[in-house]
Amino acid sequence: AAEIVLPQLVVVLEMQGESSNEHEQKVTGAAVLLQTRFFQGQLIKDWNMLRRFVMALCRSDHNDKLTVHAVLVDLFNTFQSTLYTIPLEMPPNKVWVEPEGAIGEGFAGYTDHPELLLMLVRMLKLKANLHWRYSLMIVHSLVVMLRQDAPVPMEVWQVIMDGMVSDVSHLRKVCFRALGNALEMIQTHQSSSKPLQLINNKHESASAPEHESSRRRIGPGPPLPDKNYHDWNGCTSVKPERDKTVRRKHFPDEYQTEVRACILANLSDDAFMAKLISYLSVTQSGRSKEFVGTNAQMFKGLFKALGLPALRVFESFLRSVNEDPQAHTRLSSDVFMGQQCLASELVGGLVRSMKHWDAEACSVGEELVKTVLGRVLSTPETESTSVWSACLRFAIFDRHPWRIKWLTTFVFDMAGGLGS
């Protein structure tokens, strides 16, 4: 009887009736039943039903009572992870019976994964007065369904970029994390594109310039063992094998180029950047008054994927931070600390991403990092000390000492010159 009862429960979620206690009780009762073990097991076994359920849940925005909102959000959270874990190749489980008077697409129209994502995007675009809770629910659905084995349409990337400058702080936080995770997904390699090599007398000339020596030019030596806790002073003995049959990445070069172009086009828009920096650099805009690692990770993905063009977009802001040594006395605490937090997150992500750049781009990044840190260390204020300490911990964590030698040398030289 599940093929009859389950569609009836799903349709109740999107039914538009009078604002009465009876209607609210029906929606609440359907949501509670759908969270039971039996109906959960039936719902997650069929993409036709799961697609219909997601669309009905996101279309239930006409229920404006807070108690109903809470029940529907709890129902969404119950099934949120399922949208990512179930395989796309799962065959239909049942022939669902369409209830009379149902609206929407029906229970047997699922074609592929991108089609479902585009339906959610259209719903988000068409409803101008959509309550922020339901906008958040739709964006959460899109974010969870970003998968390694299925490239998502460009419209989804645009939704993420638009959400980063949304007026709703909850939506911005979701989109910041989503962009960082999505950028990690489209990368096709885990190590640096040009792995740096250890220096020794056999492989490197003693007459090489200090700048080149510190960078460890490519040679026949062993690679630096980043993210390994054994053989720290040498190369790893055995490289662990990865199971490439599980959730294999499927992102052609043309798709990656299109994604990068979409992101860079938004970052090149002055209005977009003004909003983004404003939201990320003022603590009253909903950002934390501390170094946020997820933001730094997002910037690391941006700089890694886009390279030097992404740095050029943020360069003017970074150079303006602490340009006035007395800025901390003139700006409000919220504005000053927000700027320090954003700058520290940019620097942390930049340092960790530069191992994927060529030598010329690295020199530009190093010069900018030294400029920012030099001003920070020479500014007579202690309010942002914890923020920049967290930035440096993030930048050098799990990195081979040779790879960040230029940074540690600069910081220690600055500290010595200041008499610290």
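Worth saying up front: this structure is predicted, and the values here are computed from it rather than measured.

A.B. asks: Any details on the environment of Val174? Residues and values, ideally.
C.D. replies: Within the secondary structure, Val174 sits in helix α10 (residues 169-186). Residue classification places Val174 among the buried positions, given a relative accessible area of 6%. For the pair Val174 and Leu136, spaced 38 residues apart in sequence, the C-alpha to C-alpha distance is 8.3 Å. Once residues lying within four places of it in the same chain are set aside, the contact partners of Val174 are Leu136, Val139, His140 and Val143.

A.B. asks: Quick one: what's the story with helix α19 (residues 385-396), residue by residue and with numbers?
C.D. replies: Its 12 residues place the ends of α19 17 Å apart at the C-alpha level, agreeing with the 16 Å of an ideal helix rising 1.5 Å per residue. Inspection of α19 places Val387, Trp388, Ala390, Cys391, Phe394 and Ala395 among the buried residues, and these make up the whole buried set. In a view along the axis of α19, the buried residues occupy a sector of 155°, so they form one face of it. Facing away from the buried surface of α19 by more than 90 degrees, the exposed residues are Ser386 and Arg393. Asp398, located one to two residues past α19, shows a positive phi value of around 60°.

A.B. asks: Outline the side chain of Asn295, supporting the account with residue identities and numerical values.
C.D. replies: Topologically, Asn295 is positioned in helix α14 (residues 293-306). Judged by its relative accessible area of 8%, Asn295 is buried.

A.B. asks: Give a detailed account of the packing of aromatic side chains, specifying residues and quantitative values.
C.D. replies: Taken as a whole, this structure holds five aromatic pairs when the rule is applied. Here the aromatic cluster, defined as three or more aromatic residues joined through ring pairs, consists of Phe299, Phe303 and Phe314. When the ring centre of Tyr279 is taken as origin, the NZ or CZ atom of Arg172, which lies over that ring, is 3.9 Å away. Above the plane of the ring of Phe394 lies Arg352, whose end atom (NZ or CZ) is 5.5 Å from the centre.

A.B. asks: Tell me about the nonpolar core, and name the residues and values.
C.D. replies: Membership of the largest hydrophobic core comes to 124 residues, with the highest contact counts inside it found for Phe53, Trp157, Leu179, Ile263, Leu267 and Leu276. With 10 residues, the top contributor of residues to this core is α10.

A.B. asks: Help me get a handle on the environment of Arg403, residues and values and all.
C.D. replies: The residue Arg403 is located in the loop between α19 and α20 (405-417) in this model. Distance from Arg403 to Arg352, taken between C-alpha atoms, is 9.9 Å for residues 51 residues apart in sequence.

A.B. asks: Talk me through the pattern of salt bridges; I want residue IDs and the actual numbers.
C.D. replies: In this structure the tally under the stated criterion is four salt bridges. For the salt bridge of Glu315 with Arg312, the shortest nitrogen-to-oxygen distance reads 3.0 Å. You can see Glu315 and its partner Arg312 sitting in helix α15 (residues 308-320), three residues apart, about one turn around the helix. Among the residues examined, Arg312 registers a relative accessible area of 44% and is labelled partly exposed. The salt bridge involving Arg319 is made with Glu315; its shortest N-O contact spans 2.9 Å. Remark: Glu315 and Arg319 occur in helix α15; sequence separation between them is four residues, near one turn of the helix. With a relative accessible area of 16%, Glu315 lands in the buried category. Several salt bridges converge on common partners, so that one network encompasses Arg312, Glu315, Arg319 and Glu367.

Rules used throughout
- Residues numbered from 1 in each chain as written.
- Predicted model: local features only at pLDDT ≥ 70, side-chain atom pairs only at ≥ 80, totals over all residues.
- Heavy atoms only, no water.
- Helix = DSSP H or I, 4+ residues; strand = E, 2+ residues; numbered from the N terminus.
- Buried < 20%, exposed > 50% of the residue type's maximum accessible area, 1.4 Å probe, protein only.
- Contact = heavy atoms within 4.5 Å.
- Expected span 1.5 Å × (residues − 1).
- Arc of directions from axis to C-beta.
- Phe/Tyr/Trp six-rings, centres within 6.5 Å; stacked < 30°, edge-to-face > 60°.
- Lys NZ or Arg CZ within 6 Å of the ring centre and 35° of its normal.
- Core = buried A, V, L, I, M, F, W, Y, C linked by side-chain atoms within 4.5 Å.
- Salt bridge = Lys/Arg side-chain N within 4 Å of Asp/Glu carboxyl O.

Keep in mind these values describe shape, not function.
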